[in-house]
Amino acid sequence: MQKAVYKNLDLSVSGLQWKLKKNLNDNFNKLEKSKSIPKIIKNILLKRDLFSMEIEDYLRPSLRKLTPNPSILHDMDNAVNVCYEAILKKEKIGILGDYDVDGATSAALIFNYFRELNINNVDVYIPDREKDGYGLSKNAISFFFKKKTNLVLCLDCGTNDIENINRAHSLGIKVIIIDHHEKKEENKALALINPKKEKDNSGLNYLATVGLSFLFIIALNANLKKKSFFDKKLIKPKLKKYLDLVALGTICDLVPLKSVNRLFVKKGILELNKKNNKGIKTLIEKLKINKIIEVPDISFYLGPCINAPGRVGNSSLGFKLLSFSNQNLFSEIVNTLLKNNKERKTLENIACSQAKNKISILKNDNKKEQKFLLVHDQNWHSGIIGIIASRLTKEFNIPSIVISSKEKNTKGSIRSIEGINAADIIEFLKEKDCIINGGGHSMAGGFTLKENYIDKLNFFLNSYFSKLSIRNKDFLEIDIILDMHSINISLIKKIKDIGPFGQENEEPIVALNNIRPIFIKKVGKLQNHVFCVLEDMYGGTLNAIAFNHSTTAIGSALSKKRNISVAGKLEIYKSEKKIAPQIIIEDILIL
């Protein structure tokens, strides 16, 4: 391993200063005890938050040991008792899940569990983004009322649906909410499982709804066993198999992959690769993924397909794919998902290009430093504005608000950055009587804007952001500097054990100093990636690839074949004929 040689004046080709991450003192003692961990892995772990876990528990977590007691969540026991009574009395149960992947996986998880209990009188309602909007709508209540539903489980929504929950209550429909969005007001739900409410002291406020739903069925399963519900004819379900859905929803909802989330995802990916869920198996086959499924495959392939119908098609298809009720239709459903996703990509690319043009014009007209982006168009589909906002926030590193006025109700979506809470912005707009409704969490939110309120929205946002100080991230954090000869398949596998990687458990960035490209080639259908072979001063070589950088400063720096330092993520390249280590290039420092 090398020492850091980066100076404050050294800026990368991306305009970033490289900084070596500092060690966390709390980890020294834990790592000192373990003699079996290689030095390189220890150095990476020294810079990680292990969340008060023992090192063995962190590297090899156990479900039995680390799954929290569901009862620590406020209202969990109450929700379980209400649901148990409904099951015992054979009352009709309804499930309402949000139209995103977290909502679809949560709904499928509980629906599939009920099916295992031979509870078949369950109706599911997935809202239509345009007709119903977000959450428990009047249409949903009418649906459940006509079905004579006694109890509705609201999943990934409902926390702030005061009016409609009260309406359901007045019609004799009991409501249990399992949700993780910020709580602002009280409602008449019989139970609200939400770790973000004030009364909850569980410390599980980073869980997605599907993780909370999994804890709910753990608690319900235990309660049913205690009440002697199971017998020789009805065996107590084994719940571990449902972790494939938990992993899917957790990854796609972009919640922090720490502690319990990391545990559920790590074990869930193992379950997902067993392909016991026939819907997921069919989707993997149609996508022609012929390898072990990992987090990036879920983020970039499976998740967007399941999410697509909630944006531009029949919002219930994601749930139908994942549930046990449509076994003969999986192939047809997947074909529709793939079609929806293709349409989503087209609409997204067109709208994103238009949004960037609007931003360019705004920047030319306004020379002041921008603290947020606000763009709107009457032709943008409301189902894609969240993705556009995400892409703009990622590119410009400031909060983005994207508005679609295509429908009767003007829809808005916010994607924020660390330190600026999207849910707080929405509450501010509610206080200013600028929006009809809305909600979200720290990094994302959605709302319905009052008619002809774009200018007022801009005024109020300027007022809100004028009091905030926004500092763009101008550095790249390096986990460790390595010699090329230390990189091999075994090391990369050990680094992967620190995963799965995601928010708050980012994949380690390694740096290689004083190397040069000796072979370069543009690759990909659009020739937009750069493949190269890197060589160190001793003649050692390593394959590298820079995705989407054939026309950027990184691609240009590689083409000059000068001495450079490279920062990136280590991967194992696999083909039919070859398996080899490689580095995914994130940035370059010219020496």
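Relevant structure appears above.
Peer 1: Before we go on, may I ask you to explain helix α17 (residues 422–431) in this structure?
Peer 2: By the criterion of burial, α17 is predominantly enclosed, with 7 of the 10 residues buried. For α17, the side-chain oxygen to backbone nitrogen distance between the N-cap and alanine 423 is 2.8 Å, and the N-cap itself is asparagine 421. The first or second residue beyond α17 is aspartate 433, which carries a positive phi of 55°.

Peer 1: Could you clarify how one ought to interpret the sheet that holds strand β4 (residues 151–155) in this entry?
Peer 2: The strands making up a sheet associate through hydrogen bonds between their backbones, and the pairing can be parallel or antiparallel. Read from one edge to the other, the open sheet built from 5 strands follows the order β3-β2-β4-β5-β6, with strand pairing classed as parallel. Bordering the open sheet on either side are β3 (122–125) and β6 (191–193), each of which pairs with just one other strand. Here the average twist between neighbouring strands, direction ignored, is 15°. With 5 bridges joining them, strand β2 (residues 93–97) and β4 adopt parallel strand pairing. Across the sheet, residue glycine 94 finds its bridge partner in β4, namely valine 152. Across the sheet, helix α7 (residues 138–146) is in contact with β2, β3 and β4; its angle to β3 comes to roughly 165°. Where helix α9 (residues 209–226) meets the sheet, its contacts fall on β4, β5 (174–178) and β6, and the angle it forms with β5 comes to roughly 120°.

Peer 1: Please explain the packing of helix α10 (residues 243–252) against helix α13 (residues 295–312) as it appears in this structure.
Peer 2: Any two packed helices are characterised by how steeply their axes cross, that is the angle between the axes, and by the distance between the axes. α13 packs onto α10 with a crossing angle of 90° between their chain directions and a minimal axis gap of 9 Å. One way to sum up the angle between α10 and α13 is to call them roughly perpendicular. Between α10, through Leu248, Ile251 and Cys252, and α13, the contact on the second element is made entirely by Val295, Ile298, Ser299, Leu302, Gly303 and Ile306. Residues belonging to the contact of α10 with α13 are distributed by class as follows: 7 nonpolar, 2 polar and no charged.

Peer 1: Would you mind showing me how to read the state of the cysteines here?
Peer 2: In a disulfide, the sulfur atoms of two cysteines are held together by a covalent bond. Enumeration over the complete set of coordinates arrives at 0 disulfides. Just so you know, cysteine 83 is unpaired, no disulfide at all, and the nearest cysteine sulfur is the one on cysteine 154, 13 Å from it. Using a relative accessible area of 0% as the deciding quantity, one classes cysteine 83 as buried. The structure places no disulfide on cysteine 157, whose sulfur is separated from the nearest cysteine sulfur, that of cysteine 154, by 4.7 Å. The class for cysteine 157 is buried, based on a relative accessible area of 0%.

Peer 1: Looking at this model, I keep getting lost on the environment of threonine 282. Mind explaining?
Peer 2: Tracing the chain through its elements places threonine 282 in helix α12 (residues 278–286). Taking the C-alpha atoms as reference, threonine 282 lies 9.5 Å from isoleucine 333; in sequence the two are 51 residues apart. Setting aside residues up to four positions removed in sequence, threonine 282 forms contacts with Phe330, Ser331 and Val334.

Peer 1: How do you make sense of the nonpolar core when you look at a structure like this?
Peer 2: A general trend in soluble globular proteins is that nonpolar side chains are found buried together. Ranked by internal contacts, the top residues of the largest apolar core, which has 82 residues, are Phe114 and Phe216. Setting aside residues no more than four positions away along its own chain, phenylalanine 114 makes contact with Cys83, Ile87, Ile93, Ile95, Ile119, Val122, Leu153 and Leu220.

Peer 1: What exactly am I supposed to notice about the sheet that holds strand β9 (residues 410–415) here?
Peer 2: Reading across from one edge, β7-β8-β9-β11-β10 is the order of the 5 strands in this open sheet, with mixed pairing throughout. Of all the strands in the sheet, the pair left with one neighbour each is β7 (373–377) and β10 (435–440). Taking each pair of neighbouring strands and ignoring which way they run, the sheet shows an average axis angle of 15°. The sheet contact formed by β10 and strand β11 (residues 444–449) spans 5 bridges and is antiparallel. Counterpart to isoleucine 435 in the pairing with β11 is leucine 449.

What counts and what doesn't
- Residues numbered from 1 in each chain as written.
- Predicted model: local features only at pLDDT ≥ 70, side-chain atom pairs only at ≥ 80, totals over all residues.
- Heavy atoms only, no water.
- Buried < 20%, exposed > 50% of the residue type's maximum accessible area, 1.4 Å probe, protein only.
- Helix = DSSP H or I, 4+ residues; strand = E, 2+ residues; numbered from the N terminus.
- Polar contact = N/O pair within 3.5 Å; in protein donor to acceptor, adjacent residues only side chain to side chain.
- Pairing = 2+ DSSP bridges.
- Axes fitted to C-alpha atoms, helices over the stretch in contact; angles between N-to-C directions.
- Contact = heavy atoms within 4.5 Å.
- Parallel < 35°, antiparallel > 145°, perpendicular 65-115°, else oblique.
- Nonpolar A, V, L, I, M, F, W, Y, C, P; charged D, E, K, R; others polar.
- Disulfide = S-S within 2.5 Å.
- Core = buried A, V, L, I, M, F, W, Y, C linked by side-chain atoms within 4.5 Å.

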